[in-house]
Amino acid sequence: MYIGSLEVRLYLRGSQTLKDKRQVVRSVLDRIKKNFGVAATEVQNRDDVKMIVLGFATVQAESELASSLLEQIENAVRHHPEAQFLSARHDVRSFEDLF
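These numbers come from a predicted model, not from an experiment.

(A) How the structure looks around the sheet that holds strand β2 (residues 39-44). Strand order in the open sheet made by the four strands is β2-β3-β1-β4, with antiparallel pairing throughout. The sheet terminates laterally at β2 and β4 (83-94), the two strands that pair on one side only. Strand-to-strand twist in this sheet, taken as the mean axis angle between neighbours without regard to direction, amounts to 20 degrees. Relative to strand β3 (residues 51-60), strand β1 (residues 2-12) is paired through ten bridges, and the arrangement is antiparallel. If you follow Val8 over to β3, its bridge partner there is Leu54. Against the sheet, helix α1 (residues 18-36) engages β1, β2 and β3, with an angle of about 15 degrees to β3.

Quick look at the structure:
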């Protein structure tokens, strides 16, 4: 069993309020959850109206499947029309390596 995690940083150009930001965050998270079936949430900078940091996680039988899925998610988020992609980092580990 392999656990994959992805952290994505985005800059929200047009956001003036937390309400503006949360609408974009919700749309991104809902779309990714629906299309890829992964766990997803905002993980940092929740009170910053311009910066979005999202976390995604998946559990797969093979490390290649986890890596491929995380790359697909990164590409989907990278092309969001309202947010500028800043960076991403992902990690895939064997369950046994966690202990």
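(B) Expanded view of a nonpolar patch on the surface. Taken together, Met1, Val59, Phe95, Leu98 and Phe99 make up a surface patch of nonpolar side chains, about 540 Å² in accessible area. Assignment of secondary structure puts Val59 in strand β3. Relative accessible area serves as the criterion here: at 51%, Val59 is assigned to the exposed category.

(C) Local environment of the packing of aromatic side chains. Summed over the entire model, instances satisfying the criterion amount to zero aromatic pairs. Over the face of the ring belonging to Phe85 we find Arg78, whose NZ or CZ atom lies 3.9 Å from the ring centre.

(D) Summary view of α1. Given a rise of 1.5 Å per residue, 19 residues ought to cover 27 Å, and the 26 Å separating the end C-alpha atoms of α1 matches this to within 8%. The complete set of buried residues in α1 reads Lys21, Val24, Val25, Val28, Leu29 and Ile32. Taken around the axis of α1, the buried residues stretch over an arc of 125 degrees, which confines them to a single face. For α1, the exposed residues lying more than 90 degrees away from the buried face are Lys19 and Lys34. Looking at the buried residues of α1, the elements they touch are β1, β2, β3 and α2 (63-78). At the C-terminal side of α1, Gly37 shows a positive phi close to 65 degrees.

Calculation notes
- Every chain is numbered on its own, with residues counted from 1 as its sequence reads.
- Confidence filtering applies because this is a predicted model: local features only for residues at pLDDT of at least 70, side-chain atom pairs given and counted only at 80 or more, and all residues used for totals across whole chains, interfaces and linings.
- Excluding hydrogens and water, the side-chain values take into account all heavy atoms of the structure.
- We treat two strands as partners when DSSP finds at least two bridges between them.
- In this description a helix means any DSSP run of H or I spanning at least four residues, a strand means any run of E spanning at least two, and both kinds are numbered starting from the N terminus.
- All axes here are fitted lines through C-alpha atoms, helices being fitted over the stretch that makes contact, and every angle between N-to-C directions spans 0 to 180 degrees.
- What makes two residues a contact is simply this: any of their non-hydrogen atoms within 4.5 Å.
- Patch definition: residues with relative accessible area over 30% and no salt bridge; like charges joined within 9 Å; nonpolar side chains (Val, Leu, Ile, Met, Phe, Trp, Tyr) joined within 5 Å.
- Per-residue and other accessible areas follow the Shrake-Rupley method at a 1.4 Å probe size, with only the shown protein chains counted as cover for residues.
- One speaks of a salt bridge when a side-chain nitrogen belonging to Lys or Arg is within 4 Å of a carboxyl oxygen belonging to Asp or Glu.
- Buried means the residue's accessible area, taken with a 1.4 Å probe over protein chains only, is under 20% of the maximum for its type, while exposed means over 50%, and partly exposed covers the values in between.
- Here is the rule: rings of Phe, Tyr and Trp (six-membered ring for Trp) pair when centre to centre is within 6.5 Å. Planes less than 30 degrees apart are stacked, more than 60 are edge-to-face, and the remainder are tilted.
- Counted as over-ring charges are cases with an Arg CZ or a Lys NZ within 6 Å of the ring centre that also lie within 35 degrees of the ring normal.
- Multiplying 1.5 Å by the residue count of a helix minus one yields the expected span of that helix.
- Read the arc as the range of directions from the helix axis to the C-beta atoms.

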